[in-house]
Amino acid sequence: MEFLRRMWRAFQTIAILFSFTVNLILVIALGLLCMQLASLKSAVNGTVARLEAIVQDLGDTRISTTIPIRQSVPVAFELPVQQDTVVVTLAPVPITTAATFQLPGGGGTIKGTVFIHLPPGTRLPVRLNMTVPVRTQIPVNFDQPVDIALGASGLDPVVGKLLLLLKDLKALLDLIPGP
């Protein structure tokens, strides 16, 4: 029986030493893990802070550039023209027309044909009353400067959502113990 007691005490001593060793290893591992977790939390907090600044800057960002416009624009319309003008003949203009002449003093009427040649350089008053069809292509060539505020042009709601998401992430990080 004495042998069994010695064996039992030896077993107890070995179990206590084993338990102490395992607990010591676990405490050291837990301490190292906490140090790593604190270091990781600090790094993630720094990254989240930088990301928050970038997202905030994104809402304040402007796109400033120059857009070259190089294209042809079709134009089609009817142009009414109602105007008095003077035209000048460039060559002799023959005019043949029927004419009726009244003789004075009741002498009767003569019907006949008149032949006239207008010399070059004759100025003739003319009344224009017409519609001129206009069909053409107009070249459009210019550089258009643009300055677009991204936030004001529709990015503000997305920036707000990202900032809320980062706020939630910071709250989660605050739940982790450490600096």
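Residues numbered from 1 in each chain as written. Predicted model: local features only at pLDDT ≥ 70, side-chain atom pairs only at ≥ 80, totals over all residues. Heavy atoms only, no water.

On to the overall build of the chain, then. Helix and strand content of the chain: two helices and four strands. Along the chain, helices (α) and strands (β) appear in the sequence α-β-β-β-β-α when read from the amino end. Expressed along its principal axes, the backbone C-alpha trace of the chain runs to roughly 180 × 30 × 30 Å. Counting the 179 residues in the chain, one finds 9% classified as buried. (Helix = DSSP H or I, 4+ residues; strand = E, 2+ residues; numbered from the N terminus. Buried < 20%, exposed > 50% of the residue type's maximum accessible area, 1.4 Å probe, protein only.)

It is worth spelling out helix H1 (residues 2-60) at this point. In this model, H1 (59 residues) spans 86 Å end to end at C-alpha, consistent with the 87 Å of a helix rising 1.5 Å per residue. Residues of H1 that are buried: Ala38, Lys41, Val48, Val55 and Gly59. (Expected span 1.5 Å × (residues − 1).)

What follows deals with the nonpolar core. By size, the foremost hydrophobic cluster in this structure holds six residues: Val48, Val55, Val159, Leu163, Leu166 and Leu173. A per-element tally of this core places helix H2 (residues 151-174) first, with four residues. (Core = buried A, V, L, I, M, F, W, Y, C linked by side-chain atoms within 4.5 Å.)

A few words now on the environment of Ser153. Residue position: Ser153 is located in helix H2. For Ser153, a relative accessible area of 48% puts it in the partly exposed group. Separated by 41 residues in the primary sequence, Ser153 and Gly112 have C-alpha atoms spaced 82 Å apart.

Enumeration according to the criterion identifies five salt bridges in this entry. Note that Lys170 and Glu52 form a salt bridge whose closest N and O atoms lie 3.0 Å from each other. Here Lys170, found in helix H2, pairs with Glu52, found in helix H1; they are 118 residues apart in sequence, far enough to count as distant. A salt bridge links Glu78 to Arg135, with the nearest nitrogen and oxygen atoms 2.7 Å apart. You can see Glu78 sitting in strand S1 (residues 62-88) and its partner Arg135 sitting in strand S4 (residues 123-149), a full 57 residues away along the chain. Glu78 gets classed as partly exposed once you look at its relative accessible area, which sits at 43%. Judged by its relative accessible area of 55%, Arg135 is exposed. (Salt bridge = Lys/Arg side-chain N within 4 Å of Asp/Glu carboxyl O.)

A separate point is the packing of H1 against H2. At a minimum axis distance of 9 Å, the contact between H1 and H2 shows a crossing angle of 165°. In terms of their interaxial angle, H1 and H2 are classed as roughly antiparallel. Classified by chirality, the crossing of H2 by H1 is left-handed. Contact residues: H1 offers Lys41, Val44, Asn45, Val48, Leu51, Glu52, Val55, Gln56, Leu58 and Gly59, while H2 offers Gly151, Leu155, Asp156, Val159, Leu162, Leu163, Leu166, Leu169, Lys170, Leu173 and Asp174. (Axes fitted to C-alpha atoms, helices over the stretch in contact; angles between N-to-C directions. Parallel < 35°, antiparallel > 145°, perpendicular 65-115°, else oblique. Left-handed = near helix turned anticlockwise from the far one by under 90°. Contact = heavy atoms within 4.5 Å.)

The next subject is a nonpolar patch on the surface. There is a patch of nonpolar side chains on the surface, built from Phe20, Leu24, Ile28, Leu32 and Met35 and spanning about 530 Å² of accessible area. By the secondary structure assignment, Ile28 is in helix H1. Among the residues examined, Ile28 registers a relative accessible area of 48% and is labelled partly exposed. (Patch = residues over 30% accessible without salt bridge, like charges linked within 9 Å, V, L, I, M, F, W, Y side chains within 5 Å. Areas by Shrake-Rupley, 256 points an atom, 1.4 Å probe, with all protein chains shown as cover.)

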